[in-house]
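# Examination of the molecular architecture
Here are the chains, one letter per residue:
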Amino acid sequence: MLIDRQDSYDEEGRDQRLFSVRVLVSLLILSLLLMALGVRLFTLQVGAHEHFTTLSENNRLRIEPVPPTRGLIFDRNGVLLAENRPAYQLEVTVEQAGDLDELLGRLSALVELSPLEIERFRGSVGQRRPFQPVLLKANLDDEAVARIAVARPELPGVEIQARPVRHYPLGEDFAHVVGYVGRINERDLQRLDARNYAGTSHTGKTGVERYYENILHGNTGHKQVEVNAEGRVIRELSAVPPVPGQDLTLSIDVELQRAARDALAPHDGAVVMLDPATGEVLALVSKPGFDPNPFVNGISHQAFDALQSDPHEPLFNRALSGQYPPGSTLKPLVGLAGLEEEVTTAERRMFATGYFQLPGHGRRYRDWKRGGHGWVDLSRAIAVSADVYFYDLGHKLGIDRMAPMLGAFGIGSRVGIDATGERPGILPSREWKRSVQNLPWFPGETVITAIGQGYLLATPLQLADVASTLANRGQRVQPRLLRAIRDGSSGETVTQPVRHLAPVIARDAHWDAIHEAMIESVHARHGTAWGSIGSDPPTGYRIAGKTGTAQVFSLAPDQEYEEEELNRLLWDHALFLAYAPADLPEIAVAVLVEHGGSGGRVAAPIAREVIDFYLSSRGQVAAAGEGS
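Read on for an overview of the structure. Residue indices begin from 1 for each chain and proceed along its sequence in written order. Where local features are concerned, this predicted model is filtered to residues with pLDDT of at least 70; where side-chain atom pairs are given and counted, the filter is 80 or more; whole-chain, interface and lining totals use all residues. Side-chain numbers come from the whole structure's heavy atoms, not from hydrogens or water.

The subject of this paragraph is the overall build of the chain. When its secondary structure is counted, the chain shows 24 helices and 25 strands. A 1.4 Å probe rolled over the protein chains alone gives each residue an accessible area, and that area as a share of the maximum for its type sets the label: buried under 20%, exposed over 50%, partly exposed in between. Put simply, the chain has 628 residues, and 50% of those count as buried. Note on contacts: a residue pair is in contact if any heavy atoms of the two residues lie within 4.5 Å. Counting only contacts in the chain whose residues sit at least 6 apart along the sequence, the fraction spanning at least 24 positions is 72%. Note on areas: Shrake-Rupley, 1.4 Å probe, and residue coverage restricted to the protein chains presented here. Carbon together with sulfur atoms contributes 53% to the accessible area of the chain, which is approximately 30000 Å² in total. Numbered from the N terminus, helices here are DSSP runs of H or I no shorter than four residues, and strands are runs of E no shorter than two.

So this is what it looks like as structure tokens:
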């Protein structure tokens, strides 16, 4: 029993010692934890005091961007082409919204949200800065605004804001000139200054809106606001106002633009009218057009697909992007090259049969007139558009002497107009063909280039520039749409300067010869435009012009072009370039009618109509139809 008692005492001692050890270890661990907690508290409250004070202040104060008002766009007479209309729009601050899917579900019950609007909203969420509202739906009506306002306490992060929305009051008439704005996407962010576009949801996409984006947009301001725990603004503490965009005055004349569109109806095509003295674009029509307003806040997929699949291609800017064979409209340039290179003279005559053959070749290059034109000199060859004369002249010149003259007039190069989408056309040469096709140049290609066919392509804008250069006897003036910039704050207006390009150098006698030939083309009985203009000449002035017909498909050597037997889409394009009054030019014009068939029969009357309208509106001549 004594042994058992001793063992019991020993066990109790061991338990007590073990308990003491455990208590000491626990106290040590607790002390270490308390020390760690103390160090952490010291770090947070003392070491990182300034950092967390700033974060706390930012939870109470916030810097918000204030987007500028976009500049307006006017025509030369002050007619509004692009304006800002106030409209309510639905915006969401994602950081305050909580469950985004749930919020969108609630909003869908209050206002109609299309799948496209939701898709664009989700796409914009990843592009914005923190706490920057994201546009969900634009152009809310009063009823929708009222429903959302009533439910607003249950819609965290949702705001209804009155914002200016871009609107184009003249719609289709100026879609290809002014262009349109659209919502900023990822591709836009790569070219835009993100800081200056904070709070801005739209940017220029096409036309003048895109080209002059930096001037129209302005500079973003900012304001410091105090917010509550839910992130809603309580008050504004300070503000730096935005600098509004500047207003643009274009050289376009609304009434002339409409007259040109009306004259072009019912055809598809383009009309470009320039002031030869300044290069100002007075009218730039591409028909058909489209309404740019649906693009501002996102056109539906269905509507966009309908525009893209339309066989008339309303989205295609024919005036700047359309590249067409210029046909016989370039014969005056080839004639000028022949005179300058002393390959021909104004007096030289040749007998123009119905076809031309290169020496040693069997292929016949036919004239548009089956029986030929008989004896012609340069002036008559231009007036009657004798293909055989220019086949022969082109062969004697060669492409190496012909191409530089065409290039001097701007063929094959962008004229540098202040709009988007301009294409350069094609000026063929030995070097061009070798670089593009890795093939040599053949003599037959020179022959057809001399009548504006083959590889040669030009835009209607380039042809109007050619007409302007002919009117100026070689002085080239860069075409431009912008006439003046007006600062909305100061009211100061800055008129844009005239910009001269490298001139076309030729002797005065040679300019005289080409000038008289173009007048003859319109006003002489044998001229290709006499039937539509010269037979009923305008009152008080003359027109210098040149018709052209551009083939849509190639004919076999033994094949005849029978327009009435062809599908309309295979008809030739009709062209006409002109300047007037011929003796003191004030306007240069190029007309392209797609599948119009004949330049003299279809394109020339359109030019006559718009020239009459322009000059009569200036009180210089009697209105069309009032002449003798």
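Let's pick the thread back up.
Another point: the packing of aromatic side chains. Any two of the Phe, Tyr and Trp rings considered here, Trp counted by its six-membered ring, make a pair once their centres fall within 6.5 Å; the pair's planes then place it as stacked at under 30 degrees, edge-to-face at over 60, or tilted in between. Within the structure shown, the criterion is met by 12 aromatic pairs. Through a chain of ring-to-ring contacts, the aromatic side chains of Y180, F290, F295 and F304 assemble into a single cluster. A cation over an aromatic ring shows up here: R364 above the ring of Y355, its NZ or CZ 4.0 Å from the ring centre. Over a ring means this: the NZ of a Lys or the CZ of an Arg is within 6 Å of the ring centre and within 35 degrees of the ring normal.

The definition of a nonpolar core used throughout is a set of buried Ala, Val, Leu, Ile, Met, Phe, Trp, Tyr and Cys residues joined through side-chain atoms within 4.5 Å. If you look at the biggest cluster of nonpolar residues, it comprises 96 residues, and the most contacted ones within it are I73, L284, Y389, F390, F409, I417 and L470. Ranked by residues supplied to this core, first place goes to helix α21 (residues 460-471) with seven residues. Not counting residues within four places of it along the chain, the set of residues in contact with L284 comprises V177, I252, Q257, V271, V272, N317, A319, L320 and I417. In this structure, V285, A529, V602 and I606 belong to the second largest nonpolar core, which totals 31 residues.

Note on definitions: salt bridges are taken to be side-chain nitrogens of Lys or Arg within 4 Å of carboxyl oxygens of Asp or Glu. This model, assessed by the stated rule, comprises 29 salt bridges. Across the salt bridge formed by D392 and R348, the nearest N and O atoms sit 2.8 Å from each other. Linking D392 in helix α17 (residues 387-397) with R348 in the loop between α15 (331-340) and β15 (350-352), this pair joins segments that are 44 residues apart in sequence. Connected through shared salt-bridge partners, E172, D173, E255, R258 and R261 make up one network.

The next point concerns the sheet that holds strand β25 (residues 587-593). Across the sheet, which stays open at both edges, the five strands sit in the order β14-β13-β25-β24-β23 with antiparallel pairing between neighbours. Strands with a single pairing partner mark the edges of an open sheet, and in this sheet they are β14 (281-287) and β23 (544-550). When the angles between neighbouring strand axes are averaged without regard to direction, this sheet yields 5°. Paired strands are those between which DSSP finds at least two bridges. Examined bridge by bridge, strand β13 (residues 269-274) and β14 share six bridges and lie antiparallel to one another. In the strand pairing of β14, M273 is matched with A283. To get an axis, fit a line to the C-alpha atoms, keeping to the stretch in contact for a helix; angles then go from 0 to 180 degrees between the N-to-C directions. Each of β13, β14 and β25 touches helix α11 (residues 254-264); the most contacted strand, β14, lies at about 35° to it. Set on the sheet, helix α22 (residues 508-523) makes contact with β23 and β24 (573-580); between it and β23 the angle comes to about 70°.

Right, let's get into unusual backbone geometry. Omega for the bond connecting K287 with P288 falls within 30 degrees of zero, at 5°, which places this linkage in the cis form. Of note, P288 is situated in the loop between β14 and α12 (293-296). Here the bond from A580 into P581 is cis, since omega is -15°, no more than 30 degrees from zero. Examined against the element boundaries, P581 turns out to sit in the loop between β24 and β25. With a phi close to 60°, S385 is a non-glycine residue in the positive phi region. Note on placement: S385 falls in the loop between α16 (378-384) and α17. Taking the relative accessible area as the measure of exposure, S385 reaches 5% and is therefore buried. The residue R473 is not glycine, and still its phi comes out positive at about 55°. Tracing the backbone shows R473 in the loop between α21 and β19 (476-477).

Glancing now at helix α24 (residues 599-617). In an α-helix, one turn spans 3.6 residues, which is why side chains three or four residues apart end up on the same side. Here the expected length of a helix is defined as 1.5 Å per residue gap, with one fewer gap than residues. For α24, spanning 19 residues, the distance from its first C-alpha to its last is 26 Å, which sits close to the expected 27 Å at 1.5 Å a residue. For α24, the N-terminal capping position is held by S598, with its side-chain oxygen 3.4 Å away from the main-chain nitrogen of G600. Residue G619 follows α24 closely and has a positive phi angle near 70°. Throughout this description, a polar contact denotes any pair of N or O atoms lying within 3.5 Å of each other; where both atoms belong to protein, one of them has to be capable of donating a hydrogen while the other can accept it, and for residues adjacent in sequence the pair is counted only when both atoms sit in side chains.

By the bridge criterion, two bridges tie strand β2 (residues 73-74) to strand β3 (residues 80-92) in an arrangement that is antiparallel. Counterpart to I73 in the pairing with β3 is A82.

For the rest of this paragraph, the subject is helix α18 (residues 399-408). For α18, every residue scored as buried is listed here: I399, M402, A403, M405 and L406. Seen along its axis, α18 keeps its buried residues to an arc of 165°; they face one direction. Contact partners of the buried residues in α18: α15, α17, α19 (430-437) and α20 (443-449). Directly after α18, the chain includes G410, whose backbone phi takes a positive value near 100°. What the arc describes is the spread of directions from the helix axis to the C-beta atoms.

In this structure, T200 sits in the loop between α8 (186-189) and β7 (202-204). Among the residues examined, T200 registers a relative accessible area of 14% and is labelled buried. When residues no more than four places from it in sequence are discounted, the contact partners of T200 are P67, P68, I184, H217 and T220.

Glancing now at the pairing of β24. Burial analysis of β24 places eight of its eight residues in the buried class, the great majority of the element. The sheet contact formed by β23 and β24 spans seven bridges and is antiparallel. Across the sheet, G548 pairs through a bridge with L575, a residue of β24. The sheet contact formed by β24 and β25 spans seven bridges and is antiparallel. Looking at β25, one finds that F576 is bridged to V591.

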